[in-house]
Amino acid sequence: MIRLLHARLVRLRRDGADRGVALASVIGLGAVLLLLSVTMASVAVSGTVKARDDSDFNAAIAAAYAGVEDYQSKLANNNAYSQYGARVTAFSTGSTFTGTDGNLAFGKGTAGSWQTVGDGTGASYRYEVDNSKYSTAGTLRIRSTGRVGDTTRSVVADLKQDGFLDYVYFTDYEISDPVLSSTSCSPKYEWAVTDRPSCTTIQFSATDVIDGPMHTNDTMRVCGGTQFKGATTTSSTRSNRYVAVTGTNCTGTPSFGGQSKPAYAQAITMPQTNEAMRQETRTDLKTTTVPNPGCLYTGPTRITFKSAGTMNVYSPYTKATQIESDPSKGTAPAMCGTPGDGGKGGTLGSVGGQDVTVPANNLVYVQDVPASSTDVNYWSGKPTNFSCRNADDSAAGNGLGFPAKDEVNATYSCTAGDVFVQGTLQGNVTVAAQNFVYVTGDVKYSDVSKDMLGLVGTNAVYVYNPVKNYGTSKNPDIGLIDRTKSNRVVQAAILSVSHTFTVQNYAADSGKPKGTLQVLGSISQKFRGPVATSGNGDSGYTKAYVYDPRMRYTAPPKFLSPVSTSYGITQVVESKTAVAASGKELVP
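Residues numbered from 1 in each chain as written. Predicted model: local features only at pLDDT ≥ 70, side-chain atom pairs only at ≥ 80, totals over all residues. Heavy atoms only, no water.

(A) Broad picture of the state of the cysteines. This structure, assessed with the given rule, holds four disulfides. Linked covalently through their sulfurs, C185 and C199 form a disulfide whose S-S length is 1.9 Å. Disulfide C185-C199: the torsion about the S-S bond is 85 degrees, which places it as right-handed. One end of the pair, C185, is in the loop between β5 (169-173) and β6 (203-204); the other, C199, is in the loop between β5 and β6, and 14 residues separate them in sequence. One exposure class covers both C185 and C199, and it is buried. The residue that forms a disulfide with C295 is C336, at a sulfur-sulfur distance of 2.1 Å. Looking down the S-S bond of the C295 and C336 bridge, the torsion is -85 degrees, so its handedness is left-handed. Linking C295 in strand β15 (residues 295-298) with C336 in the loop between β19 (330-331) and β20 (354-357), this pair joins segments that are 41 residues apart in sequence. (Disulfide = S-S within 2.5 Å. Helix = DSSP H or I, 4+ residues; strand = E, 2+ residues; numbered from the N terminus. Buried < 20%, exposed > 50% of the residue type's maximum accessible area, 1.4 Å probe, protein only.)

Have a look at this one:
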C-alpha cells in the first residue's frame, strides 16, 4: 500500500499543473485504503471471536448431554440413586430427596459446585432431578445445564427403567410350566443344552400375530407364517436364532419385525417373587421409599372395576389394609374400605363387597392369610357369614363363588392370596397377588389414552375358562361351561413372576376354537403359557397381542422391575437455559 502511494506521488510531481487536484486525490485514496485495512483487521478479529463463540455454544450442549449420561450411569450402578438430588427450582416440585450423595452436579446458586466433563476442555455441568413420579410410574426427569466459558445451554430428558414393559411379549423359557403341567422338566435354555428331557416346548402358530416388540431369553419355535410386527429379539446363540417347525398347518413364512430372523439381545433376569410389592402398603417406611402407601387385602379377593372410577372389593379375611414392619401393627384407612361384615352390607367382608375409589396411581396387593398368630391379619377361625364353599354350596370352594356351579377339574384355596379381576377400569392402578391372578371376564379401560392397569402374580395369571362334565362319572364328557364362540379382552400389563400367563382348560372342546384373546398392553412370564391347541382339532384362543405404546415411557403404578436394569431415555429436548455461567438460576 505504501509503495502504491509513493508511485502516485512521483507521478504527481512530474505534473505540476495538476498538483492541487492530485494531492486531494492521493489523500482520498489513502483514506480509502486505510479504512479498508482497518476493516479487514476488524473482520479478522471478529471472525476469531465468532469462531470461539460457536465452539463454546456447541461444546455447552455437549456438556449438558454429558450430565444426562452421568446421571444414567449413576442409576445403573445404584438402583436407589433416584433418592438423591437437591431442590433448586420449581423443576423439582413434588420431589423428595435424602441428600446429594456428594455429587458435585447437584450444585446450586452462584456458590454451588459444577462437575467437570474431564475432557480437558474446561466444560462442566450441573443438573436438577424430578423424582415425583418415580414411585408410581417408574419415571424420572432431569434438567442438565452444560457450561463452557461464559456460555450455558440446558436439556431436559425423561428416563424410564428398561424392563418387562419394553415388550408386548416377554418369556424366560419357551416351555410349559413344569409345575402346572406336572412334568419332571428341569428348566434350561434350549440354546445352552443338547436336550431338554420331559420338557414341552410351545410354538407360535401360523395364525398368531404379535403386534409390538418381543423378547425371549430362550429359542422360540415358529410354525409357519407367524407375524411378529415389532422388533423381535432373543438371547439364543443359535445361528438362525429360532427353530422353524414343519407340518401340515405350518404354512407361510414368518416375519420378525421385517427381518428374516430375530436379533440377539442379552437375557433379562426375572425376580423370584413379587413380595417387594407388598412393602408398598407399609406406613412406617421413609417417605422416599413409600411416599403413598397402597391397599393390602388378605385371602381370596374379588375385584370388579367400574367405569365411574370405583371398584367393588369383596375380601372377607381382610382386617388391616395398611401395615408396618411389626406384623402385629396395621390400620384400615377409609380409602381401602371397611374390613369385616357388620351385617348391614357395604363392607369388604359383606357378601356384596364394598365400592371404593380406585387408589389413584397406586397399588393393591392380595396376600395369603398369615399363619402367624401375631400377625394383625391372622385368623384362628373363619370370618363372619363366610364359608369355604363353591358357588352353589355343593362342594368345597374359596367362598367367593369358585368353583362355579358344576365346574370340575379345578380347586381354589380358601386362604390363599388369589385375586379375581374383571370390569372396566377408570384410573391407574396395579393389582398384585401373592398367589394366582384370575381374569374372570373382560378387563377394559374406560379411556385407553388415560387409564392403565398392571396385573402381577407370583404364580400364574389365568384367563378363567371353566369346564363341566356333560357326561357321567363313569363316562365323562368334559367341555367348557361357556361354549359360545367369543373373544376375551384384557387391557393391562401382565406379569407372572414365577410361572405363566395362560388360559384355563385351553385344550377343552377340541375342534371348537373359542375365539381371539385380545391383549392390549404387555405380557411377561417365566414360562410360555399355552392359550390354544392347533392341528387336528383346534381349541382355545387365537392370539392377538398388541403393544400399548404408552409403556415405552411410563408404567402402571409401582410395577415390578427385573433383578437388574438400566435407564433408557424416552425423550430429550433442549430447553430454555436454566443456569447462567455464574451459577445463577435463570428460571423460577
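(B) The arrangement of the environment of G163 in detail. Here G163 lies in the loop between β4 (151-161) and β5. Sequence separation between G163 and I268 is 105 residues; the distance between their C-alpha atoms is 7.6 Å.

(C) Region of the structure containing the sheet that holds strand β29 (residues 478-480). The antiparallel open sheet is built from three strands, whose spatial order is β22-β28-β29. Each edge of the open sheet carries a strand with a single partner, namely β22 (407-408) and β29. (Pairing = 2+ DSSP bridges.)

(D) Layout of the pairing of strand β25 (residues 437-445). Along β25, seven of the nine residues are buried, which leaves the element largely enclosed by surrounding structure. When strand β23 (residues 419-425) meets β25, the two strands line up parallel, connected through six bridges. Bridge pairing in β25 links V421 to V439. By the bridge criterion, three bridges tie β25 to strand β27 (residues 461-463) in an arrangement that is parallel. Within β27, the residue paired with V439 across the bridge is V463.

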